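# Fold and geometry: a report
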Amino acid sequence: MLLTRADTSFPSFFFMFHTFVMDTTCQSLSNLSLNHPLAPVEYANCGSSSSQDDEDVDGFGDLRSLPVDVCERRPTCLRCCRPQKVCLCPFLPVQPLEVSTCLYIVQHPAEESRALRTVPLLAACLPPGKCKVFVGRRFNEERNPELAAVCRDSRTLILYPGPDAQNLEELVQKQDQDRMGEQFVRAVGPNVIIIDGTWSQAKDMFLRNTLLHQPKQVQLSRSEQTSQYVIRSQPSNICLSTLECAAVTLSILERNEAIQEVLLKPLQALCSFQLQHGALVHHSKEHLIRHGIYDKQMPTNKRKIKRMENLITNQHICPR
């Protein structure tokens, strides 16, 4: 195809127009960076000095004169990890509980930023080295050799509900009936892994980490047990917080019901304090559905509908 004189002049005109626009834009961005209060110091004095009119135009002239308040974090108690004004140490045991079981908490990173965590309270009640925390989403032998060694240990149990999980209380009762029951418990069950996170986070961490599939899987099925952690929502009435799971587990393995009572004291104090200062009671999803006050849209997916039905009908195992 032949190009006429008009056709060949159009690209040149477009190139000149594009160059003009780019030069204008770059000059505007340069002026903006020079006048912006967050601009690097080394660029602050480049080019011509800005005038009062420029400060008024960019909108930051008055803001630059305002004083900057430096926020300081409240002093934190070293034992319970709570602010000192709301320290829960009076509700912790005077001396750490003497237990033979070692807890390994596999914690989702999102739990670190939560203000109302239960793991620090759990660790404060136990001797040093009896509650170890591993933070992350994915774990393997190369990056987490200590956790990998614990998972390979035949004495390790992982607390996670499911069809392949064995009832922990029945397991201990069966061991007690054995002639070597007491020796077997001391030799085989001193390590327990607990996943710390929301129920969806815990499910994702368990399914995606084959390392967590190596220990013997156990679960709690005490239907009379209800969560006292009422300032956070749970899927069902029998779903427990990490501290509550640890309290029940230790009381079963150590054959000492008093352990559960001691570990729950700081949790009860935490919830009581929060409720006195404006927090609301969070009912479980099961409770809201049963009483017709679930304000979210019901699922239309068959799998999710089946999960909702199991949430109401299953009274023995926490849903996943």
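Residues numbered from 1 in each chain as written. Predicted model: local features only at pLDDT ≥ 70, side-chain atom pairs only at ≥ 80, totals over all residues. Heavy atoms only, no water.

## Points about the sheet that holds strand β6 (residues 216-219)
Strand pairing in a sheet takes place through backbone hydrogen bonds and is either antiparallel or parallel in direction. Heads up, the condition is: A pair of strands counts as paired when DSSP detects no fewer than two bridges linking them. What counts as a helix is a DSSP run of H or I of at least four residues, what counts as a strand is a run of E of at least two, and both are numbered from the N terminus. Any two residues whose heavy atoms approach within 4.5 Å are treated as being in contact. For helices, the fitted axis covers only the stretch in contact; all axes are lines through C-alpha atoms, and the angles between them, taken along N-to-C directions, range from 0 to 180 degrees.
Pairing within the open sheet is parallel, and its six strands lie in the order β2-β1-β5-β3-β6-β4. Because the sheet does not close on itself, it has two edges, and the strands there are β2 (131-135) and β4 (166-167). Looking at chain direction, strand β1 (residues 102-107) and β2 are connected through five bridges and run parallel. Within β2, the position partnered with Val106 by the bridge is Phe134. Packing against the sheet, helix α7 (residues 199-208) makes contact with β1, β3 (156-159), β5 (191-196) and β6, and its axis sits at approximately 125° to β5.

## Regarding the environment of His213
For clarity, the cut-off: Summary of the burial criterion: residues with accessible area below 20% of their type's maximum are buried, those above 50% are exposed, and those between are partly exposed, where the area comes from a 1.4 Å probe applied to protein chains only. N or O atoms closer than or at 3.5 Å make up a polar contact, with two conditions inside protein: a donor-capable atom paired with an acceptor-capable one, and, for residues adjacent in sequence, both atoms drawn from side chains.
Its location among the elements puts His213 in the loop between α7 and β6. Taking relative accessible area as the criterion, His213 reaches 39% and is therefore assigned partly exposed. Each C-alpha atom, one on His213 and one on Cys151, is 8.2 Å from the other, the two residues being 62 residues apart in sequence. Residue contacts for His213: discarding those within four places in its chain leaves Phe206 and Leu207. At 2.6 Å, the side chain of His213 and the backbone oxygen of Phe206 are in polar contact.

## Some words on the side chain of Asp196
Examined against the element boundaries, Asp196 turns out to sit in strand β5. Its relative accessible area of 5% is what places Asp196 among the buried residues. At 2.9 Å, the side chain of Asp196 and the side chain of Gln107 are in polar contact. Apart from the residues within four sequence positions on either side, Asp196 is in contact with Ile105, Val106, Gln107, His108, Glu111, Val119 and Thr242.

## Comments concerning the pattern of salt bridges
Basically, it comes down to this: Criterion for a salt bridge: a side-chain nitrogen of Lys or Arg within 4 Å of a carboxyl oxygen of Asp or Glu.
According to the stated counting rule, one finds six salt bridges in the structure shown. Glu146 is the salt-bridge partner of Lys132, the closest N and O atoms lying 3.2 Å from each other. Of the two residues, Lys132 is situated in strand β2 and Glu146 in helix α4 (residues 145-152); the sequence distance between them amounts to 14 residues. Across the salt bridge formed by Asp153 and Arg155, the nearest N and O atoms sit 2.6 Å from each other. Accessibility expressed as a relative area gives 35% for Arg155, which makes it partly exposed. One salt-bridge network, in which partners are shared between bridges, spans Arg138, Asp204 and Arg208.

## Details of the pairing of β5
Of all six residues in β5, six are buried; the element is thus mostly enclosed. Across the two faces of β5 the burial is the same, with Asn191, Ile193 and Ile195 and Val192, Ile194 and Asp196 all buried. Alignment of β1 against β5, held across six bridges, turns out to be parallel. Opposite Tyr104, over in β5, you have Ile193 as the bridge partner.

## Section: the packing of helix α5 (residues 168-177) against helix α8 (residues 242-253)
Heads up, the rule is: The cut-offs work like this: below 35 degrees is roughly parallel, past 145 is roughly antiparallel, 65 to 115 is roughly perpendicular, and the gaps in between are oblique.
At their nearest, the axes of α5 and α8 sit 10 Å apart, and the two run at 10° to each other. The angle between α5 and α8 falls in the class roughly parallel. Contact residues: α5 offers Leu168, Glu169 and Val172, while α8 offers Thr249, Ile252 and Leu253.

## Looking at α8
Condition: One fewer than the residue count of a helix, multiplied by 1.5 Å, yields its expected span.
An ideal rise of 1.5 Å per residue puts 16 Å on twelve residues; α8 measures up with 16 Å between its terminal C-alpha atoms. Most of α8 is tucked away, with twelve of its twelve residues classed as buried. For α8, the set of buried residues is Thr242, Leu243, Glu244, Cys245, Ala246, Ala247, Val248, Thr249, Leu250, Ser251, Ile252 and Leu253. Just downstream of α8, Arg255 is the residue with a positive phi angle, here 55°.

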